[in-house]
Every structure is written in C-alpha cells, then in structure tokens.
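So you can see what is in the structure, the chains are spelled out below.
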Amino acid sequence: MINVTQSFLPPQQEYQAILKRAWDNAWLTNRGELTKELEGKLKEYLSVNHILLLTNGTLPIQIAIRGLGLTGEIITTPFSYVATTSSIVWEHCTPVFVDIDPDYLTIDETKIEAKITSNTSAIMATHVFGNPCHVEAIEEIAKKHNLKVIYDAAHCFGVRYKGNSIFNYGDVSTCSFHATKLFHTGEGGGLFCNDKELEGHLYYHHNFGHIDPYTFYGLGINAKISELQSAMGLAVFPYMDEIIENRTRSTKLYTKEFENSSIRTLKIREGTTWNAAYYPVILKNEETMLHCLNELQKNNINPRRYFYPSLNTLKYVKYQSMPVSENISKRILCLPLYYDLEPEVVHTISTLLKHIHE
Ligand SMILES: *Cc1c(COP(=O)(O)O)cnc(C)c1O
C-alpha cells in the first residue's frame, strides 16, 4: 500500500549512538543534554528567537491559550486539524469561526473584523499545509482591536515568508513533530515566540509551574519532551535539507502532471518558501472525490481526506455555516508524499487520478 505519508527513519545505528548518550548519562527526561542540543540546532536552522520543545503539538496550543490568559471568544478557522478547535474548547473558550479563502485555504482575513465582539480575546489561525495566512492583515486587525494572535503552524517546519521564519509571526506559533509530520521526534512539538518575557512565562507552564523543586511560579501542566524523543529528533535533523528537497521534487512533478487537468492544486501565497509538507488536490465534488478515493485504494494507493470534516460541524461547537470550508473539506484529498517516493509512482498516481476524475 502506498500511503499518504511514511515517517522518515534515520539509519538505526545513528539513532542508537545518540540514545547511548541518554543511557550513559542515565538521564531520560527533564531537559537533558539531548533536548538542549536539539533546541539549539533547531533555533539556528529555523532562524527563530525562542523555541521550547514539548511532548506533542497540541499542548503548545493549550499552553499558549492558557499562558496568554485568553478568555471568551477566539476567532479561528474551520479548516484545520481538530486540535485547533478542540484546544480552544478544552481551555473553556468559545471558537468563533471565520470561513477560509478558496485558493489559499487559510482563514479569510477580510471576514475577520465582522466577527469581533467585546468578548473576543484572540485570533487563532492555521498556516494550512504550510501555506502562510495573510499575516500582515491579521497583525493589523489584531493591533487595532487589541487581540492576541496564535498561529497553529503544525505544518510549517522550515517555511519562510518574505525571508523570515513563519514561526516568528504572531504572539505565539506552535508546531507538531508527530511521526507523520515533515520533521519528527515520534511524538513531539514546539512553541515559538519573539518576546523573551512571554517565553519565560510560557516556559513555567510546561513543567508544573516549577521555578525550583519547592517553589512555583503558578499553575502548570506537564508537557516536557523526553530525551528519547529528542534523540529521534537529533537523528532525523541532519537529513532535513535532503527530505525537503526530495519532497519538493515530488510536488513539482505532481503539479506538472495536473497542469492542464480539471484537478485543482494548492495556491501558495506569494513570498513563501514552501516546505512541500503536503500535496492536496481539490476535486469536482464529494461524489467524484469518493469515487477517486475508492478507485485509488483498489490500486493500493491510499490518499487521506484532510482536512475533513470542517471543524464548524463538530458536535461540541455551536454550528455556524461556513460554505467554503464545508465545500472544500468534502472534496479534498492529500496525495502520497514522502522522502523516498519514486517519480514513477508520482506519475502512476497522477495518471490514474486524472483518468478517474475526467
Ligand atoms: C498534527 C497537527 C496538530 C497536532 O499535533 P500533535 O503533535 O499530533 O499533537 C495540530 N494542528 C494541526 C494543524 C496539525 O496538523
């Protein structure tokens, strides 16, 4: 089966050599040397001001909401992974949805202001498939209405926008290092912010609020990454340029294949150095999409309906009609994309899909 993704696995002996350091130190978690080393390497590679590694990509969203003291309504996108919305609800805030741009698939910045009320505390948007939101417009709206901005940047490892790391936008950005993501630590995640004071404040939240063993800064949770996870990150890290290069080659091949077809591909925002994290295609309608999915699966090709369903339809949120997001989520598929996907396989998948879709 050719799956939508395959985790990149570094040579096992390289992983073991790094793990041995954890053994030799008998130090398995609580910010050991492997975690600090990985943070240092990522900080430089990504050109970010502050980074905090965490045990997954959902806790940083929750910590950001909690740490920024958000209450009431948070304006957000219905087109994302469930963790974006569920984190808002989990933190006892109310998601207020704003529909997406039909080309970029990110929150439609022109519709945000109409949803702001006296209860709005923040905007939380997702850089969908590594495609940046209109960060300038969002920053301007946030400034004008005194709102905080959190970016769910789970898909954005290595993405640059106008030469700057996409993680440097907003009050806080978060990333996921889950096994299915571009860069991974098995399970893992990161939190990024520009402000040193805010970084210190958020830091305590990830470790029970500890200042030292017996004094507490305030309320906290346990979101620490372990040395075993960081070891995987250190083993994967040296391959990142090659991984992104290979995937970029595959996405270019896909785009060429679909050029003169009725299959729509993702429009990347101008000024973006993209990371080829996903390859979504938008098909005619839901019926055609289901037919294509079924036929591809019969041929041992397993794309993923992603994102589906549109998050405004979750049963624990108040339904608000989001025509664009609901429509796109019913007919989008992410095609197989991973490090060693062969060009012939890209050709086979696209030829088959075009044939079924026409
Ligand atoms: C993967 C993902 C998350 C959650 O990350 P985990 O590491 O799985 O907790 C959040 N938001 C988006 C958009 C994601 O794709």
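Residues numbered from 1 in each chain as written. Predicted model: local features only at pLDDT ≥ 70, side-chain atom pairs only at ≥ 80, totals over all residues. Heavy atoms only, no water.

(A) View of the nonpolar core. In this structure, Leu42, Ile112, Phe167 and Phe183 are the most contacted members of the largest nonpolar core, which totals 51 residues. Breaking this core down by element, the ones donating at least two residues are helix 1 (12-25), helix 2 (33-46), strand 2 (50-54), strand 5 (120-126), helix 5 (135-145), strand 6 (148-152), helix 7 (227-236) and helix 8 (240-258). With five residues, the top contributor of residues to this core is helix 7. In this structure, this core is formed jointly by two domains, domain 1 (2-238) and domain 2 (239-357), each of which donates at least three residues. (Core = buried A, V, L, I, M, F, W, Y, C linked by side-chain atoms within 4.5 Å. Buried < 20%, exposed > 50% of the residue type's maximum accessible area, 1.4 Å probe, protein only. Helix = DSSP H or I, 4+ residues; strand = E, 2+ residues; numbered from the N terminus. Domains from an automatic or database assignment.)

(B) Quick look at the site of the ligand. Thr58, Asp152, His155, Ser176 and Lys181 are the nearest of the 14 residues found near the ligand. Within the backbone of Gly57, an N or O atom sits 2.8 Å from an oxygen atom of the ligand. In this structure, an oxygen atom belonging to the ligand sits 3.1 Å away from a side-chain N or O atom of Tyr306. Of the residues that constitute the shell around the ligand, the class distribution is four nonpolar, eight polar and two charged. (Near = heavy atom within 4 Å. Polar contact = N/O pair within 3.5 Å; in protein donor to acceptor, adjacent residues only side chain to side chain. Nonpolar A, V, L, I, M, F, W, Y, C, P; charged D, E, K, R; others polar.)

(C) Seen up close, the pattern of salt bridges. Enumeration over the complete set of coordinates arrives at 13 salt bridges. Here Asp108 ties to Lys111 by a salt bridge, and the two come within 3.6 Å at their closest N and O atoms. Assessed through its relative accessible area of 38%, Lys111 is described here as partly exposed. Among the ionic contacts, a cluster of salt bridges with common partners joins Arg21, Glu33, Glu37 and Lys41. (Salt bridge = Lys/Arg side-chain N within 4 Å of Asp/Glu carboxyl O.)

(D) Quick peek at the side chain of Asp152. Here Asp152 shows up in strand 6. Of the polar contacts made by the side chain of Asp152, one reaches the side chain of Thr84; its length is 2.9 Å. If sequence neighbours within four positions are ignored, Asp152 has contacts with Ile61, Ser80, Thr84, Ala125, Thr126, His127 and Thr174. (Contact = heavy atoms within 4.5 Å.)

(E) Quick peek at the environment of Asp99. Secondary-structure assignment places Asp99 in the loop between strand 4 (94-97) and strand 5. The exposure class assigned to Asp99 is buried, which follows from its relative accessible area of 5%. Here Asp99 is in contact with Pro78, Ile107, Asp108, Lys111, Met322, Pro323, Val324 and Ser325, once residues within four sequence places are set aside. A distance of 2.9 Å separates a polar side-chain atom of Asp99 from the backbone nitrogen of Ser325.

(F) Structural view of the packing of helix 8 against helix 11 (residues 343-357). One can describe the packing of helix 8 onto helix 11 by two numbers: an axis separation of 10 Å at closest approach and a directional angle of 30°. Regarding the angle of helix 8 to helix 11, the classification is roughly parallel. Once helix 8 is placed against helix 11, the crossing between them reads as right-handed. In this structure, helix 8 contributes Ser250, Leu253, Tyr254, Glu257 and Phe258 to the contact, and helix 11 contributes Pro343, Val346, His347, Ile349, Ser350, Thr351, Leu353 and Lys354. Tallied by class, the residues present in the contact of helix 8 with helix 11 amount to seven nonpolar, four polar and two charged. (Axes fitted to C-alpha atoms, helices over the stretch in contact; angles between N-to-C directions. Parallel < 35°, antiparallel > 145°, perpendicular 65-115°, else oblique. Left-handed = near helix turned anticlockwise from the far one by under 90°.)

(G) Structural view of the pairing of strand 5. Most of strand 5 sits out of view: seven of its seven residues are buried. Two strands pair when backbone bridges link them, and strand 3 (residues 73-76) and strand 5 are joined in this way by four bridges, in the parallel orientation. Looking at strand 5, one finds that Thr76 is bridged to Met124. One ladder, built from five bridges, connects strand 5 with strand 6; its direction is parallel. Across the sheet, the residue bridging to Ile123 is Val149, located in strand 6. Between strand 5 and its parallel partner strand 6, the chain crosses via helix 5, and the hand of that crossover is right-handed. (Pairing = 2+ DSSP bridges. Right-handed = clockwise from strand over helix to strand, strands pointing away.)

(H) Inspection of the domain arrangement of the protein chain at higher detail. Here the domain parsing of the protein chain yields domain 1 (2-238) and domain 2 (239-357). Across the domain 1 to domain 2 interface the summed buried area is about 4600 Å²; carbon plus sulfur atoms make up 62%. In this assembly, domain 1 and domain 2 are joined by zero salt bridges. For the pair domain 1 and domain 2, the number of links is 26 residue pairs in polar contact (both at pLDDT 80 or more). Those elements giving two or more residues to the side of domain 1 that touches domain 2 turn out to be strand 1 (2-3), helix 4 (82-90), strand 4, strand 7 (160-161) and helix 7. Counted by class, the side of domain 1 that touches domain 2 contains 33 nonpolar, 13 polar and eight charged residues. (Buried area = accessible area lost by both parts, 1.4 Å probe.)

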